[in-house]
Number of protein chains: 2
Amino acid sequence: MCEPVEDDKTSADYYFDSYSHFGIHEEMLKDVVRTKTYQNVIYRNTFLFKDKIVLDVGAGTGILSLFCAKSGAKHVYAVECSQMADMAKEIVEANGYSNVITVLKGKIEEIDLPVPQVDVIISEWMGYFLLYENMLNTVLYARDKWLVNNGIVLPDNASLYLTAIEDAEYKEDKIEFWNNVYGFDMSCIRKQSIMEPLVDTVDQNQIVTNCQLLKTMDISKMTSGDASFTAPFKLVAERDDYIHALIAYFDVAFTVCHKLTGFSTGPRSRNTHWKQTVLYLEEVLTICEGESITGSMTVAQNKKNPRDVDITLKYSLNGQRCVISRTQHYKMR
Amino acid sequence: MCEPVEDDKTSADYYFDSYSHFGIHEEMLKDVVRTKTYQNVIYRNTFLFKDKIVLDVGAGTGILSLFCAKSGAKHVYAVECSQMADMAKEIVEANGYSNVITVLKGKIEEIDLPVPQVDVIISEWMGYFLLYENMLNTVLYARDKWLVNNGIVLPDNASLYLTAIEDAEYKEDKIEFWNNVYGFDMSCIRKQSIMEPLVDTVDQNQIVTNCQLLKTMDISKMTSGDASFTAPFKLVAERDDYIHALIAYFDVAFTVCHKLTGFSTGPRSRNTHWKQTVLYLEEVLTICEGESITGSMTVAQNKKNPRDVDITLKYSLNGQRCVISRTQHYKMR
């Protein structure tokens, strides 16, 4: 019931386990922003799929492969490494697409694809904070190994953004809570809790500054190394307020569509299951309209658990009412 | 990122992993019904703890051990097998109880307790559906190995209840959803989803029948075998309605307190993090006031994953508008 195991093993098993359960797929399928966008991309751009060989990376229930098959694909290879692959096979059969869709159970890095090349690679690889779980590397691996010249990757563009929010109440509940738990000091857990970005929905009225583009990724050209980066930022306050956290979110675009299609996971857009990623600051910043928080964010794959993302945030505010300069380390796990 | 592993390994690792993370402890600590009840039991019944040797089984953050120390315990042994044990040690020190509380990291079945016997065993071992995760066995093991004659176990009483609810909307959303997912048949996943009891809060207005006591457990006397049982039930409709699910919930009591103390996780009580456990029925039952659903529930520890619970539900309704007799199998996992 409680076997000690190395972190990386636990992490891998949990990942495996979580995607084997239908619950996570239910959540993703019911994320209408996500699934409807993919559906629109595929159904409204049949010219991209008609008579094409498609590779679906991390197929899950096979929903994207089914969309592609219905959109006229010549053949779809749906690769899924979790136990859900068995369900995907049943689903493909139940819907009469066994002749068009081949479900391959295994890791992209290990499977034998029956064809030398594919025309289209489609994948819903995005994790929390865009890069959590690091499935992007798997998509890039597939792209370099199998995608034909001038083949397309869907989505082909992803952008990460940063902004700053007022969040006194929730920081109190999630972080400061540990300072006094039924009268006891559990601040050693506070240290852990502030290092772990919180995935939750933020109200747009909490936004105090502009939203800064941190990084744009061209999935069709980038290398896996481009997923680790340091990006500078400047967040200018649009009103006098307090700042308790910086939040990150991402947009995804399918630029090869007939009409530009995509979605945003930002706080001003309709909520998705990705929500936003909240990075709490050690101290509260007292910021005046026009003042700016400047700094840089470094994002890197964790050495021990490739799925985990290490984030280093350097920031400083040199304001009338608050002067602060700090570096904080976070880990998405 | 996606290693195939045997189910039992995955399960054990996930269990290990989940309790190593502060998030699950945050949820339990913030369950005021749960934590305040334990606090009241300990603070208002100092005669049970003063100068006593206490064993805290599955101590987590150590909160119950801290309550006991503050209540005058001579010494508290806090046993925790997850990584959280390291935090518990820090917390005990930070609060100046290192001389009273000894945190032991490991499995109850494997640790060396520095004393031959303890006067009190306290534990918050209850899982979803009371028995999920099967930590009760660990408490019983500790009781038989270390509890002094006439020693006490807290809590010492747990009761499991069953009732029937109208739940058309949610059954549609959680179960029938799989019949048509963006136009595709994923009913093979429906089969999985209906076999898995759903842990969620039920509105008391959904209750259609009486609430039936299924099983009472005396933690101070029972054997681990008593946690597997078959219990008959008779649920009588209090109004004309439809029945989509049976729900189970439990009460816990501390009968050795000066004044009977405990809590219920039922739909008529304040919500706890245990919520209720919903077992969806294959077909909707059309029941008339006064008619009854009779049957039996069999609860057993899963052979492969001792943490998992197998539930077999036999039920029949012989009504004016609906005649049905069925057996359904569920698995808490």
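This one's a predicted model, so the numbers in the text were calculated from it and none came from an experiment. (Residues numbered from 1 in each chain as written. Chains lettered and ligands numbered in written order. Predicted model: local features only at pLDDT ≥ 70, side-chain atom pairs only at ≥ 80, totals over all residues. Heavy atoms only, no water.)

Participant: I keep staring at the packing of aromatic side chains and nothing clicks. Help me out?
Facilitator: Under the defined criterion, the tally for this structure stands at 22 aromatic pairs over all chains. On the numbers, 6.4 Å between centres and 10 degrees between planes, the contact of A:Tyr128 with A:Tyr132 is stacked. Plain terms: the ring middles of A:Phe184 and B:Phe67 are 6.0 Å apart, the flat faces sit at 55 degrees to each other, and that makes the pair tilted. With A:Phe184 in the loop between helix 7 (168-174) and helix 8 (187-195) and B:Phe67 in helix 4 (residues 63-70), the pair connects residues from two separate chains. With a relative accessible area of 4%, A:Phe184 lands in the buried category. The structure contains a cluster of three or more aromatic residues connected by ring pairs, namely A:Tyr43, A:Phe67, A:Tyr97, B:Tyr182 and B:Phe184. It is A:Lys30 that lies over the ring of B:Phe177; its NZ or CZ is 4.5 Å from the centre. (Phe/Tyr/Trp six-rings, centres within 6.5 Å; stacked < 30°, edge-to-face > 60°. Helix = DSSP H or I, 4+ residues; strand = E, 2+ residues; numbered from the N terminus. Buried < 20%, exposed > 50% of the residue type's maximum accessible area, 1.4 Å probe, protein only. Lys NZ or Arg CZ within 6 Å of the ring centre and 35° of its normal.)

Participant: What is the right way to read unusual backbone geometry from this model?
Facilitator: Most of the time, phi is negative for any residue but glycine, and the peptide bond is trans. Residue and element names in this part refer to chain A. The omega torsion of the bond from Leu 154 to Pro 155 falls at -5 degrees, within 30 degrees of zero and hence cis. On the secondary structure map, Pro 155 appears in the loop between strand 5 (147-154) and strand 6 (157-165). Located in the positive-phi region is Phe 129, a residue other than glycine, with phi close to 55 degrees. Within the secondary structure layout, Phe 129 lies in the loop between strand 4 (118-123) and helix 6 (136-146). You will see that Glu 133, though not glycine, has its phi angle at about 85 degrees, which is positive. Structurally, the position occupied by Glu 133 is in the loop between strand 4 and helix 6. A relative accessible area of 12% places Glu 133 in the buried class.

Participant: Could you clarify how one ought to interpret the side chain of B:Thr312 in this entry?
Facilitator: All names here are of chain B. Position of Thr 312 relative to the elements: it lies in strand 14 (residues 309-318). Overall, Thr 312 belongs to the buried group, its relative accessible area being 18%. At 3.2 Å, the side chain of Thr 312 forms a polar contact with the side chain of His 329. Beyond its immediate chain neighbours, meaning those up to four positions away, Thr 312 contacts Ser 296, Met 297, Thr 298, Thr 327, Gln 328 and His 329. (Polar contact = N/O pair within 3.5 Å; in protein donor to acceptor, adjacent residues only side chain to side chain. Contact = heavy atoms within 4.5 Å.)

Any functional reading would require information that these geometric values do not contain.
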